[in-house]
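One-letter residues, chain by chain:
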Amino acid sequence: MDERLSIAGEDLLTIEGLTKAYPGVVANDHVSLSIRPGEVHALLGENGAGKSTLVKMIYGLVKPDAGTMTFKGAPFAPAEPRAARATGVAMVFQHFSLFEALDVAENIALGMENPPKMRDLSARIREVSETYGLPLDPDQLVGDLSAGERQRVEIIRCLLQNPKLLIMDEPTSVLTPQEVAILFQTLEKLRGEGCSILYISHKLEEIRALCDYATVLRLGKKVATCNPRQETARAMAEMMVGGELHVPQKTPRQPQDVALEITALDVAARAAFGTSLKGINLSVQKGEILGIGGVAGNGQDELCSVISGEILSPDAKVKLAGAPIGQLGPNARRALGVLAAPEERLGHAAAPDMSLTENALLSGAVREGLQSHGMIDWGKTREFAKQIIQKFDVRTPSPNTAARALSGGNLQKFVIGREIIQNPTVFVVNQPTWGVDASAAAAIRQALLDLAAAGAAIVVISQDLDELMEISDRFAALNEGRLSAPVEAAGLTVDQIGLMLGGAHDLEPAKVAQL
Amino acid sequence: MDLSAISPTLLVASLMVAATPILLAALGELIVEKSGVLNLGVEGMMITGAICGFAIAVESGSPVLGFAAAAVGGAVLSLIFGLLTQILLSNQVATGLALTLFGLGLSSMLGQGYVGLRPPSVEKLNFGPLGDIPFIGPVLFNHDWMVYVTLLLCVGSWVVLKFTRVGLILRAVGENHDAAHALGYKVVKVRLLAIMFGGACAGLGGAYLSLIRVPQWTEGMTAGAGWIALAIVVFASWRPLRVLLGAYLFGGVTVLQLNLQAAGLAIPVEYLSMSPYLITIAVLVIMSAPRKGGKSRASLAAPACLGRAFHASN
């Protein structure tokens, strides 16, 4: 399968038989791979396939149980990140390793071995960030930066060390499409300078566009290698899953009664950095999926809250099957069948330090009858949680595990499954497959389609246009708090979507997936 | 009532002495909290330092040895807290409270043979002609050496936290221990060192009470000074120079209200006694209130990981 011969002495990094076991699970089982100078090497796998463990071993955060690494021909066994950095390995983390209360320069100094004086460092940050087209102000507090800017801080921190190998763990999952475009330019420039990049992502189209070579992991084992440019996204997804990928199937539908209707609704921005909604008109029929596209931060959170009841509206402006519900709060709406799965998994959709059982109770208490006379029926609640875990294939040791301990994809399956299982009549979901691997994403989309087929009205808010094209009946764009008039999704071309998102400055729509 | 009996010079001079124990304890706790650890055992470490310092000073006749012993005593006691919370991951609040109770009990046991003794006296430093300057001389240049050590420690903490790499790493650990760990910093080690520094400072503060301010040993002589130190750290927004201000304010109002009591002011004694607490808290609350358009959390400078247990996942 490996059409690329590894020539001894030419590879930048060679990994031989790397193994790491945790109690109850072998995270990496005799994994071998080699990375050439100037190569962008993709590491593919489902959530929990062992990608993060592997890169943590290369970065010296985790000590392998067995196996060897060779860096530029010399044995390489970093005992700590410091040693790895000294050798020329730098890493951009999936969850940013930044300090919000410190400024940009201080954050960067913390990731360097021998940082220069603060004044010189600030000057170098300005210089390097200009060179790579990633402008940054060294004196700004990181807490005030956007996700894209925070990632710039991490990248600049790495670049200042002149790395030979840059590890990027899901760098694009929190970025807007414009930010992704900028990132790719930077990575191309780095590749041109001879820096190798080890790239982890769930977005197969990105990998096809960017990477020279890919290693696929499944359940801790290396199962395949390929040249992503010559494979389809679907073929790579199947290598990861180890079987045929289940592609969600849409069934044709007939027009039905309107379930949810919002008319001429204005909502003032709540937070200092929030977006205000202007003149929102929206109606969703029973059994219909309305897809809402647009770059995050254009009113998505607000729209989701308006439907869920977190933001109250004038009574008659939000109607459920013709009855006004604008003044009802989330619990009253839940009782009527209006359920929501917000974007932020930890802290909004789920309480991070509470168990899955407790989190199941928080949303399901009303509809599932998990409480009576103020007393919680724990037996029933546990059953409810187990049902979600089983039906939506949530991989967790037990229902008593804290939500925080689950991987992003598994928690996402849980919070979406928790709502779907309650048989909503109207369901709004914001970024349903954010940071979720291909097969889990397909499962979530299929669950949404099934729910619609059963007669629920669904609003899917997403940045992922491929996803919206795949499951929506109608499509609308949300831009700076304004919602475009919805159009039929079938037959909609990428160019037309681009026009609808017209106001969305320079938004580059993703290529429609070949899944 | 005779207010003319109150001399401003003496008042300012004695407020510096009155504030020193609290300032020491608060500085230590500030460093501990900046590293992300909440140690509520300040009172216990102070009183343990008070008796350790007192006993060694009496036995050896040397106040310097006494202070050294107080620092060691406080640090050892804090190390118990450090091992429990950082290695065994016990709850910081409960462990800190237990440390206070333990320290109070331990000190009264250690101090049984020392009640009623007098410690060796500590000489005031002689600055020569500087001490003869009117007002400034007696106020600034007529104290024992610990007052100056404390002031240096305060400025030193500010410099270290703001300008040095050690300070940056300490703040980073307190701000986001997971990120600090991912970058390869030893979170537990940094925190243990900070905890021991805090213990040593609290011990010095206690010894200042028993060796200079009072000076004798009585059970429970810290009388809540450790709690005031804790409050000052919070209300001073975790800033060393504001801690200095808070401690001096507290010391000043304490001395002033004693003077007013002596002068026979027609306010019930209870109100005067509570005034230092009320005024200190009121002033620091006003100072730390979020300003319009300001960055509220950043200006509060509360370490984001304060009180949270850290456990490396690998």
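Per an unreviewed UniProt entry, chain B is named Nucleoside ABC transporter membrane protein, and its organism is Litoreibacter albidus. Quoted straight from UniProt, the Subcellular location (unreviewed entry) entry for chain B says "Cell membrane".

The name given to chain A in an unreviewed UniProt entry is Nucleoside ABC transporter ATP-binding protein, and the organism recorded there is Litoreibacter albidus. The record held by UniProt for chain A lists under Subcellular location (unreviewed entry) the comment "Cell membrane".

Caption draft 1: Seen up close, the packing of helix α6 (residues 145–163) of chain B against helix α7 (residues 165–175) of chain B. All names here are of chain B. Across the interface, α6 lies against α7 with an axial gap of 5 Å and an inter-helix angle of 75°. By the angle class used here, α6 and α7 are roughly perpendicular. For the pair formed by α6 and α7, the contact residues are Val160, Leu161, Lys162 and Phe163 on the first element and Arg165, Gly167, Leu168, Leu170 and Arg171 on the second. Along the lines of polarity and charge, the residues of the contact of α6 with α7 split into five nonpolar, one polar and three charged.

Caption draft 2: The interface of chain A and chain B, seen in detail. Taken residue by residue, the interface counts 27 residues in chain A and 19 residues in chain B. Interface area lost by chain A to chain B is led by Leu61, Phe99 and Leu110 of chain A, which between them contribute 30%. For the pair chain A and chain B, the number of links is two salt bridges. For the salt bridge of Arg171 of chain B with Glu106 of chain A, the shortest nitrogen-to-oxygen distance reads 2.9 Å. Our count for the contact surface shared by chain A and chain B stands at nine residue pairs in polar contact (both at pLDDT 80 or more). At the level of secondary structure, the elements contributing two or more residues to the side of chain A that touches chain B comprise α2 (81–87) and α3 (104–110) of chain A. Classifying every residue of the side of chain A that touches chain B gives 16 nonpolar, two polar and nine charged.

Caption draft 3: Main features of empty space enclosed by the protein. Residue and element names in this part refer to chain A. The full count for this structure, using the stated rule, is two cavities of 30 Å³ or more. Empty space within the largest cavity amounts to approximately 90 Å³. What lines the largest cavity is simply Leu134, Gly148, Glu149, Gln151, Arg152, Ile155, Leu175, Glu179, Ile182 and Leu183. Put simply, the parts of the chain that give the lining of the largest cavity at least two residues each are α5 (147–159) and α6 (177–192).

Criteria and thresholds
- Residues numbered from 1 in each chain as written.
- Chains lettered and ligands numbered in written order.
- Predicted model: local features only at pLDDT ≥ 70, side-chain atom pairs only at ≥ 80, totals over all residues.
- Heavy atoms only, no water.
- UniProt positions renumbered as here; feature names shortened; annotations may be inferred.
- Axes fitted to C-alpha atoms, helices over the stretch in contact; angles between N-to-C directions.
- Helix = DSSP H or I, 4+ residues; strand = E, 2+ residues; numbered from the N terminus.
- Parallel < 35°, antiparallel > 145°, perpendicular 65-115°, else oblique.
- Contact = heavy atoms within 4.5 Å.
- Nonpolar A, V, L, I, M, F, W, Y, C, P; charged D, E, K, R; others polar.
- Buried area = accessible area lost by both parts, 1.4 Å probe.
- Salt bridge = Lys/Arg side-chain N within 4 Å of Asp/Glu carboxyl O.
- Polar contact = N/O pair within 3.5 Å; in protein donor to acceptor, adjacent residues only side chain to side chain.
- 1 Å grid on protein atoms, 1.4 Å probe; cavity = no way out; pocket = protein on both sides within 12 Å on 5 of 7 lines; lining within 4 Å.
- Points joined across faces, edges and corners; volume = space filled by probe spheres on them.

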